[in-house]
Amino acid sequence: EIWVEQQARKILRVANAGEAELQVTSLSVEGNASFSVTPARLTLTPGEKQDVVVGFTPLSRGDKRGRLIISSNDPLEPRVALDLHGVGLQGELSAKRSAIHFREVRVGEYRDTTLALTNTGNDDLLLRKILFAQASYPQGDPAAGTPHPFKVFADSSTLGNSQSGTWEDSLK
C-alpha cells in the first residue's frame, strides 16, 4: 500500500543456478502502468546474482494488478511470470449537497445550517481549512478588513477512511 503518486520499491534477486551464461533478454511488466522494472535486460555468468528493482507508483486509488515477465535463454523456463499487486491510497472528499441555501435572512439575524462531508476514499483525509466563496459581501469590502459573513467552527479535522463529519456554519 502506498499513497497515490508516491513510489514503493521491492528488490527481486535473479540468480543463475545453471552452468552456462544466462541472458535475460527482457524484464517487462504487463497489465498495469503503475508497475515498473529496471533493468530491462541482464546477463549472468554461472553462480552470479543480480538485483532487479520492481517499482509501484499508483496513479489512482484502489487495487492494482500486473505481471512481471522475465524472458531468457533458459532452456527449461524461457518465460517466467510473477503476479504483482499493490494498493493506491487516497482520501476523497464528497459532500451530500453541491450548494448551501440559507433562504431569507434578515439583517442582524442569522440562520444555521450543517454541511456533511464524507471521506469516500481508502485512506485518511486531512482537512486543514474550508473556504467559502461568495460573489458579494453585503457587510462591506473584504479587502478593507470587513469580516467574512461565514464562520467556520472547526479549523482542522481528519476524516478516516469511509468516515463522515459535519461542519457547522452561520450566516450573519
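What comes next is a walk through the structure.

Rules and cut-offs
Every chain is numbered independently, its residues counted from 1 as its sequence is written. Residues qualify for local features only when their pLDDT is at least 70, as the model is predicted, and side-chain atom pairs are given and counted only at 80 or more; totals for whole chains, interfaces and linings, by contrast, use all residues. Side-chain metrics rest on all non-hydrogen atoms present in the structure, leaving aside hydrogens and water. What is meant by a nonpolar core is a set of buried Ala, Val, Leu, Ile, Met, Phe, Trp, Tyr and Cys residues, joined one to another through side-chain atoms within 4.5 Å. Think of it in three bands: with a 1.4 Å probe and only protein chains considered, a residue is buried below 20% of the maximum accessible area for its type, exposed above 50%, and partly exposed in between. Working definition: helices are DSSP H or I runs of at least four residues, strands are E runs of at least two. Numbering for both runs from the N terminus. In what follows, a contact means two residues having at least one pair of non-hydrogen atoms within 4.5 Å. DSSP bridges decide pairing: two strands pair if at least two such bridges lie between them. Inter-axis angles, ranging from 0 to 180 degrees, are taken between N-to-C directions of lines fitted to C-alpha atoms, where helices are fitted over the stretch in contact.

### Some points on the nonpolar core
Link 1 in the chain: Val-24, Leu-27, Val-37, Leu-42, Val-52 and Leu-68 are the most contacted members of the largest nonpolar core, which has 15 residues in total.
Link 2 in the chain: If you list the elements that add at least two residues to this core, you get strand S3 (22-30), strand S4 (35-38), strand S5 (42-44), strand S6 (49-56) and strand S7 (62-72).
Link 3 in the chain: Discounting chain neighbours no more than four positions away, the residues touching Val-37 are Leu-27, Ser-28, Val-29, Val-52, Val-53, Val-54 and Leu-68.

### Topic: the sheet that holds strand S8 (residues 79-89)
Link 1 in the chain: If you walk across this open sheet you meet the five strands as S1-S8-S7-S3-S5, and the pairing is mixed. Single-partner strands in this sheet number two, and they are strand S1 (2-3) and S5.
Link 2 in the chain: The pairing of S7 with S8 spans ten bridges and is antiparallel. Bridge pairing in S8 places Ile-70 opposite Val-80.

### Here we look at unusual backbone geometry
Link 1 in the chain: That bond from Thr-38 to Pro-39 is cis: its omega, 0°, falls within 30 degrees of zero.
Link 2 in the chain: Take Pro-39: it is sitting in the loop between S4 and S5.

### Comments concerning the sheet that holds S4
Link 1 in the chain: Strand order in the open sheet made by the three strands is S2-S6-S4, with antiparallel pairing throughout. In this open sheet, the two strands that pair with only one neighbour each are strand S2 (8-15) and S4. Within this sheet the neighbouring strands show an average axis-to-axis angle of 25°, counted without direction.
Link 2 in the chain: Pairing between S2 and S6: eight bridges, direction antiparallel. Paired with Ile-11 across the two strands is Val-53, which belongs to S6.

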